[in-house]
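Coordinate analysis (summary)
Okay, here's what each chain looks like letter by letter:
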Amino acid sequence: MLQGLNRILIAAACLLVAAPATAEIYKCVDAEGHTTYTNEKSRASGCKVLVSDMPVSSVPGPAAATPKPATNAGGGFPSVSGDQQKARDSERRRILETELATETGSLEEARKALTEGEAVRLGNERNYQKYLDRIQGLKDNVALHERNVDALRKELSKLP
């Protein structure tokens, strides 16, 4: 008798746990015409309740339009004369070299600050971890400038 009752209780508990969850879905359109869907009543003021028994469908969007092939050999880009391209390349080289010089100077300053920072322990750094944190910040700054210098040199090497 008890086994039969236990089985019935277990079966009922399983059915309750497996019951589907339902919620009302609201469709909201703001002043700009943007549509938002929500299931929270607090956000749904002035929104329209969607019919809950409507089937949900997914329809694929329109296929992306294939671009037409370019008629000129330049891939659709305006062509530039050789002299104009050389002028652009030399201007780019000049800008990159200026940036490289500036970044190299910043790298030297960061390295100098690191060596000076490692030699001195400040008064508020009684805890050794504070000293390590400050030094790590200086090391990170040096590494940042080193990466920038490497990137600029790489860009310069790509120029004709």
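Every chain begins its residue count from 1, and numbering advances along the sequence as written. The predicted origin of the model limits local features to residues at a pLDDT of at least 70 and limits the giving and counting of side-chain atom pairs to 80 or more, whereas totals for whole chains, interfaces and linings rest on all residues. With hydrogens and water excluded, all non-hydrogen atoms of the structure serve as input to the side-chain values.

Moving on, we get to the nonpolar core. Think of a nonpolar core as a cluster: buried Ala, Val, Leu, Ile, Met, Phe, Trp, Tyr and Cys residues, connected wherever their side-chain atoms sit within 4.5 Å. For each residue, the accessible area found with a 1.4 Å probe, counting protein chains only, is set against the maximum for its type, and the residue is called buried under 20%, exposed over 50%, and partly exposed in between. By size, the foremost hydrophobic cluster in this structure holds twelve residues: Leu 96, Leu 100, Leu 107, Ala 110, Leu 114, Tyr 131, Ile 135, Val 142, Val 149, Leu 152, Leu 156 and Leu 159. Helix and strand assignments come from DSSP, with helices taken as H or I runs of at least 4 residues and strands as E runs of at least 2, each series counted from the N terminus. Elements that contribute at least two residues to this core include exactly helix H2 (82–119) and helix H3 (128–158). Apart from the residues lying within four places of it in its own chain, the contact partners of Val 142 are Leu 107, Ala 110, Arg 111 and Leu 114. The contact criterion used throughout is that any non-hydrogen atoms of two residues lie within 4.5 Å.

Attention shifts here to the pairing of strand S2 (residues 35–38). Should DSSP find at least two bridges between two strands, the strands are regarded as paired. Here strand S1 (residues 26–29) runs beside S2; their pairing, made up of four bridges, is antiparallel. Within S2, the position partnered with Lys 27 by the bridge is Tyr 37. Joining the antiparallel neighbours S1 and S2 is a turn of five residues, in which Gly 33 adopts a positive phi near 95°.

Turn by turn, an α-helix covers 3.6 residues, leaving residues three or four places apart pointing in a common direction. Multiplying one less than the number of residues by 1.5 Å gives the expected span of a helix. The terminal C-alpha atoms of H2 lie 55 Å apart, and with 38 residues this matches the ideal 56 Å at 1.5 Å per residue to within 8%. Among the residues of H2, those classed as buried are Leu 96, Leu 100, Glu 103, Leu 107, Ala 110, Leu 114 and Gly 117. Lining the buried residues of H2 we find H3.

A few words now on the pattern of salt bridges. The term salt bridge refers to a pairing of a side-chain nitrogen on Lys or Arg with a carboxyl oxygen on Asp or Glu at a separation within 4 Å. Following the criterion strictly, the structure yields five salt bridges and no others. Ionic pairing is found between Glu 155 and Arg 92, a salt bridge with its closest N-O pair at 2.6 Å. Of this pair, Glu 155 sits in helix H3 while Arg 92 sits in helix H2, and the two are 63 residues apart along the sequence. Residue Arg 111 pairs with Glu 108 through a salt bridge whose shortest N-O separation is 3.5 Å. Here the residue Arg 111 and the residue Glu 108 both occupy positions in helix H2, the gap between them amounting to three residues, near one helical turn. A relative accessible area of 35% means that Arg 111 is categorised as partly exposed. Each member of the salt-bridge network shares a partner with another, and the members are Arg 92, Glu 155 and Lys 158.

Now for the sheet that holds S2. Overall, antiparallel pairing links the three strands, which are arranged S2-S1-S3 in an open sheet. Strands at the two margins of the open sheet, each flanked by one partner only, are S2 and strand S3 (48–49).

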